[in-house]
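Chain and residue survey
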Amino acid sequence: MRYPAGVFASDRPNPTSLGPVEIDGMTVMLRIPRLSDGSSWRETNLRYEERLAPAFGHPDMPWSTAHSPYMWIHTWKQALSDAARGWVSYLLVHLDGGREHVVGHLAMAGRHPRTGGTEVSTWTAGVPHSVTRWAQASLIIAGFEADPRVPHAVAPLAVENIAVQRLARSVGWSQLQTCRRLRMYDGKPTDHQIWFQGNTIENLAALRRTRDALSGNITSWMSGRRAAVSWSDLLARGRYELRNCRRRVAADANSSVAVTVSGTSRGSVEIAVDPGSSTTELIGRPRPDVSEDELTATIADLAGRLMGAPSPTRRIVVAVRDEDRPLTEALAVHGFRNEGRTLPTLGDASTNRQLWASVSDN
């Protein structure tokens with residue numbers, strides 16, 4: 001899952017690999033996925049289903065189906081697409097006896113429509129925590145260096161996933177807020193904590209210190225013969241390409257409502273839909289010479305209308321300025337609740353905001 005937001009391609013090419021390094025007796029590297037990685041990717045995911053499925057399960061298909069040859073082609077193509085857009089998507093591989101075993105997948109991709117931030121998604125299996133920490137720190141550094149315009153990265157973590165929260169803190173993540181029923185976890189909509197890292201000089205320096213302290217043993221790797229692409233993956237690629245060659249690009253679910261006062265444009269309110277977090281966000285977009293206060297009545301009206309209509313998402317949210325009492329009062333009347341301080345709007349970092357949310361039980 002990632003933000004379905006606008007793309008800002010980076011001018012800086014991403015490295016095709018990071019490492020190899022030796023950490024706690026294990027030689028690992030991060031590299032872009034290859035078509036031939038499918039068999040190893042499936043084997044690792046199926047072996048560690050019990051640990052991975054709660055956070056990465058698919059509500060519409062069994063775990064085995066979600067890790068079929070066809071779904072590997074989807075995963076591989078998505079990773080290549082992310083790289084082409086200037087984002088980062090790496091497999092974590094264990095280098096052992098001339099062979100490369102997939103032991104994780106880490107991605108930093110997407111762009112939030114209001115904040116401009118990106119999202120990190122990672123899983124690893126069968127490796128020491130020190131390897132996961134090195135891999136995650138390396139990924140974030142690569143992502144921030146690839147596009148300095150990205151202000152921050154976020155990682156939504158289920159409130160029940162205590163072990164991952166401890167790991168996040170050890171890599172420098174900071175907890176910001178808790179969002180109700182944000183994502184699926186263990187088969188049901190679950191509250192998630194929002195953890196974040198800023199793309200700042202100071203934070204990048206701290207991440208490099210973490211990475212370098214873990215990867216003191218940089219090693220060389222004489223690549224053996226690459227694994228051959230399996231017949232099942234070749235057939236799956238053919239089916240995937242055939243099925244998608246004529247597929248139309250899905251229409252953008254986002255829309256915009258113009259705001260006019262006495263016939264004069266005052267800006268607009270964007271309605272941004274994120275299926276991954278089942279969230280619809282109302283975003284005020286005032287004209288440069290207009291106060292955001294002039295959008296308050298429209299945002300409040302839209303919030304009430306959305307609550308009274310069938311919704312494709314569980315959550316409807318508004319990032320409200322601290323001083324906008326009329327809007328918070330109107331949202332409270334509609335049943336919205338304050339979920340705490342949220343990240344700033346891109347280009348308006350000096351304005352403090354609180355996230356108000358209406359969450360459906362359906």
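What you see is a predicted model; the values in this text were computed from it and never measured. (Residues numbered from 1 in each chain as written. Predicted model: local features only at pLDDT ≥ 70, side-chain atom pairs only at ≥ 80, totals over all residues. Heavy atoms only, no water.)

Some words on the pairing of strand E2 (residues 26-31)
Within E2, six of the six residues are buried, which leaves the element mostly enclosed by the surrounding structure. Burial along E2 is two-sided: Met26, Val28 and Leu30 facing one way and Thr27, Met29 and Arg31 facing the other are all buried. Turn length for the strand E1 (residues 17-23)-E2 hairpin, with the two strands adjacent in sequence and antiparallel, is two residues, and the turn residue Asp24 shows positive phi of about 50°. (Buried < 20%, exposed > 50% of the residue type's maximum accessible area, 1.4 Å probe, protein only. Helix = DSSP H or I, 4+ residues; strand = E, 2+ residues; numbered from the N terminus. Pairing = 2+ DSSP bridges.)

Examining the packing of helix H1 (residues 38-47) against helix H4 (residues 69-84)
Here H1 crosses H4 at 110°, and the two axes come no closer than 10 Å. Judged on the interaxial angle alone, H4 and H1 are roughly perpendicular. Judged by residue contacts, Gly38, Trp41 and Arg42 of H1 engage Pro69, Met71, Trp72 and Thr75 from H4. (Axes fitted to C-alpha atoms, helices over the stretch in contact; angles between N-to-C directions. Parallel < 35°, antiparallel > 145°, perpendicular 65-115°, else oblique. Contact = heavy atoms within 4.5 Å.)

Let's talk about the confidence of the model for the protein
Taken as a whole, the protein shows an average pLDDT of 90; of its residues, 89% reach a score of 70 or greater. The low-confidence segment residues 5-9, where pLDDT is below 50, has 13 contacts with residues more than four positions distant or belonging to other chains. (pLDDT = per-residue confidence, 0-100.)

So, the environment of Ala300
Tracing the backbone through its elements, the reader meets Ala300 in helix H9 (residues 296-307). By relative accessible area, Ala300 is classed as buried at 10%. Sequence separation between Ala300 and Thr328 is 28 residues, and the spatial gap between their C-alpha atoms is 8.8 Å. Discounting residues that sit within four places of it in the chain, Ala300 has contacts with Leu327, Ala330 and His334.

Section: the sheet that holds strand E14 (residues 337-342)
On the basis of which strands lie adjacent, the open sheet formed by six strands has the order E10-E11-E12-E13-E15-E14 and mixed pairing. Two strands close off the open sheet at either side, each with one partner strand: strand E10 (255-261) and E14. Neighbour-to-neighbour, the strand axes of this sheet turn through a mean angle of 25°, independent of strand direction. One ladder, built from four bridges, connects E14 with strand E15 (residues 353-359); its direction is antiparallel. Each residue of the ladder has a partner; that of Arg341, found in E15, is Gln354. H9 rests against E10, strand E11 (264-274), strand E12 (279-286), strand E13 (315-321) and E15 of the sheet, and its axis sits at about 160° to E12. Running over the sheet, helix H10 (residues 325-333) touches E13 and E15 and is turned about 160° from E13.

So, the pattern of salt bridges
Oppositely charged side chains can pair when the atoms bearing their charge come close. Per the stated rule, a full pass over the model turns up 23 salt bridges. Between Glu100 and Arg34 there is a salt bridge whose closest N-O contact spans 3.2 Å. Taken together, the residues Glu100 in strand E4 (residues 99-109) and Arg34 in the loop between E2 and H1 connect sequence positions 66 residues apart. For the pair formed by Glu100 and Arg34, the shared burial category is buried. Because the salt bridges share partners, they merge into one network encompassing Glu292, Asp293, Arg321, Glu323, Asp324, Asp348 and Arg353. (Salt bridge = Lys/Arg side-chain N within 4 Å of Asp/Glu carboxyl O.)

A closer look at the side chain of Ser130
Positionally, Ser130 belongs in helix H5 (residues 129-146). We classify Ser130 as buried; its relative accessible area is 12%. Leaving out residues up to four positions away in the same chain, Ser130 has contacts with Ile23, Asp24 and Leu214.

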